[in-house]
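Coordinate inspection notes
Now for the letters of each chain:
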Amino acid sequence: MRNPSWQRDELLLACALVVQNGWKELRENDLQVMDLSDLLQVLPLHPVETRSVKFRSTGSVSRKTTDLATAHPSHQGPPTRGGRLDKEVVAAFIARPEEMLAAAERIRNVAVNGPFQLPAEPPDPDDEAAPEGRLLARLHHARERDPKLRARKIKSVLAAGGSLRCEVCDFSFAETYGSLGDGYIEVHHTLPLHVSGETTTSLDDLALLCSNCHRMCHRSASPEEPWRTPTALRALLTN
Ligand SMILES: [Zn+2]
Ligand SMILES: [Zn+2]
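Report on the accompanying structure. Here the structure is a predicted model, which is why all the values come from computation and not from measurement. (Residues numbered from 1 in each chain as written. Chains lettered and ligands numbered in written order. Predicted model: local features only at pLDDT ≥ 70, side-chain atom pairs only at ≥ 80, totals over all residues. Heavy atoms only, no water.)

1. Concerning the overall build of the chain
When you go through the chain residue by residue, the secondary structure sums to 12 helices and 2 strands. For the chain, the residues scored as buried account for 45% of the 239 residues in total. Looking at the chain alone, contacts between residues at least 24 apart form 67% of all its contacts between residues at least 6 apart. In the structure as shown, the chain presents an accessible area of about 12,700 Å², 54% of it carried by carbon and sulfur atoms. (Helix = DSSP H or I, 4+ residues; strand = E, 2+ residues; numbered from the N terminus. Buried < 20%, exposed > 50% of the residue type's maximum accessible area, 1.4 Å probe, protein only. Contact = heavy atoms within 4.5 Å. Areas by Shrake-Rupley, 256 points an atom, 1.4 Å probe, with all protein chains shown as cover.)

2. Concerning the packing of aromatic side chains
The description of an aromatic ring pair uses the distance of the two centres, along with the angle that the planes make with each other. Applying the stated criterion across every chain yields a total of 4 aromatic pairs. A centroid spacing of 5.0 Å and a plane angle of 85° characterise the contact between Phe171 and Phe173, whose relative ring orientation is edge-to-face. With a relative accessible area of 10%, Phe173 lands in the buried category. Aromatic rings pair up to connect Phe171, Phe173, Tyr177 and Tyr184 into one cluster. Over the aromatic face of Tyr184 sits the side chain of Arg150, whose NZ or CZ is 6.0 Å from the ring centroid. (Phe/Tyr/Trp six-rings, centres within 6.5 Å; stacked < 30°, edge-to-face > 60°. Lys NZ or Arg CZ within 6 Å of the ring centre and 35° of its normal.)

3. Structural notes on helix H11 (residues 211–218)
Looking at H11, one finds that the buried residues are Cys213, His214, Cys217 and His218. Angular distribution of buried residues about the axis of H11 spans 135°; they occupy a single face of the element. Residues of H11 that are buried make contact with helix H7 (134–144), strand S1 (186–189), strand S2 (206–209) and helix H12 (230–238). (Arc of directions from axis to C-beta.)

4. Description of the coordination of the zinc ion (ligand 1)
Within the protein, Cys166 (SG), Cys169 (SG), Cys210 (SG) and Cys213 (SG) serve as the donor atoms for the zinc ion (ligand 1), at 2.3 to 2.4 Å. Every donor counted, the 4 donor atoms about the zinc ion (ligand 1) form angles of 103 to 115° at the centre, which fits tetrahedral coordination. Here the donor residues for the zinc ion (ligand 1) map to a single chain with the spacing C-x2-C-x40-C-x2-C. The class of Cys210 is buried, set by a relative accessible area of 4%. (Donors = N, O, S within 2.8 Å, 3.2 Å for Na, K, Ca; no water. Tetrahedral: all angles 85-135°; square planar, octahedral: opposite > 155°, others 65-115°.)

5. Notes on the pairing of S2
Burial along S2 is two-sided: Leu206 and Leu208 facing one way and Ala207 and Leu209 facing the other are all buried. The pairing of S1 with S2 spans 4 bridges and is classified as antiparallel. Within the sheet, the bridge partner assigned to His189 lies in S2 and is Leu206. (Pairing = 2+ DSSP bridges.)

6. Thoughts on the pattern of salt bridges
Taken as a whole, this structure holds 9 salt bridges when the rule is applied. One salt bridge in this structure joins Glu88 and Arg84, with 2.5 Å as the shortest N-O distance. Pair noted here: Glu88 and Arg84 are both in helix H4 (residues 84–95), with a separation of 4 residues, about one helical turn. Residue classification places Arg84 among the exposed positions, given a relative accessible area of 59%. Measuring nitrogen to oxygen at the nearest pair gives 2.2 Å for the salt bridge that ties Arg165 to Glu175. Here Arg165 is found in the loop between helix H8 (147–159) and helix H9 (173–177), whereas its partner Glu175 is found in helix H9, with 10 residues between them in sequence. Note on Glu175: relative accessible area 58%, which makes it exposed. Connected through shared salt-bridge partners, Arg8, Arg84 and Glu88 make up one network. (Salt bridge = Lys/Arg side-chain N within 4 Å of Asp/Glu carboxyl O.)

7. Details of unusual backbone geometry
Negative phi is the rule for most residues except glycine; trans is the rule for most peptide bonds. For Arg56, which is not a glycine, the phi torsion comes out positive at approximately 50°. Within the secondary structure, Arg56 sits in the loop between helix H2 (31–42) and helix H3 (58–70). Assessed through its relative accessible area of 3%, Arg56 is described here as buried.

8. Overview of the packing of helix H1 (residues 8–20) against H2
As a packed pair, H1 and H2 sit with axes 11 Å apart at the nearest point and diverge in direction by 170°. With respect to each other, H1 and H2 are oriented roughly antiparallel. Counting all contacts with H1, which are made through Glu10, Leu13, Ala14 and Leu17, the residues of H2 involved are Gln32, Val33, Leu36, Leu39 and Leu40. (Axes fitted to C-alpha atoms, helices over the stretch in contact; angles between N-to-C directions. Parallel < 35°, antiparallel > 145°, perpendicular 65-115°, else oblique.)

9. Quick word on the nonpolar core
Generally speaking, soluble globular proteins have nonpolar side chains that are buried together. Of all hydrophobic cores here, the largest spans 35 residues; its most connected members are Leu13, Cys15, Leu36, Leu40, Leu43, Leu68 and Phe93. Elements with a contribution of two residues or more to this core: H1, H2, H3, H4, helix H5 (97–113) and H7. If you tally residues by element for this core, the top one is H1, at 9 residues. Not counting residues within four places of it along the chain, the set of residues in contact with Leu36 comprises Leu13, Ala14, Leu17, Val61 and Arg108. Residues Leu149, Cys166, Ile185 and Leu233 belong to the second largest nonpolar core, which totals 17 residues. (Core = buried A, V, L, I, M, F, W, Y, C linked by side-chain atoms within 4.5 Å.)

Everything listed here is a matter of geometry and, on its own, says nothing about what the molecule does.
In structure tokens form, the structure reads like this:
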């Protein structure tokens, strides 16, 4: 039985070890490898029935650190068997080391401190591709859908004389869809969860967006590129 392939979240955690080890592989008997092996076995990323007894064993974690270390462009000699996703994660760590290390740290905290408050919904392809990994992306979306936060943001915009329009493209659901769209807008948190931490959200960190612009803010076009802020998306749209 083959074990399920490594997901981005898992690769982030493994790559963080490689980075902290000076882009060198870690051996099977390394305490950090043992620790990561334990952690990966409790992450809710792969159904138990898809795992063999060797799932994320210390040996497989060590081999993955070799794949990642040899995927670094400065590595002499041929890379090992790592796939496309390995290369993407390595590229992201090279482009934005601080941010990616912070993301790995957040995933670790979420995993250790559980319980997982992930909404029971099918995986979103955009979350799978999120640079910060699926767990943090899903937590982030759950946070954005918090009805209290949403209500407070909308209230503050209306109180300041504004209307419910997309801050990027000016789209208004009410103008396009009539009474069906009345009061509808999506709330976007401009700081990724691993950057903001779990501190209380300031209303200034929230942006009102239409569904298209919201998707485009979260979409990752390449591993080197961080999240797009609404301001950056607006600049892209007007060019
Ligand atoms: Zn928009
Ligand atoms: Zn968002």
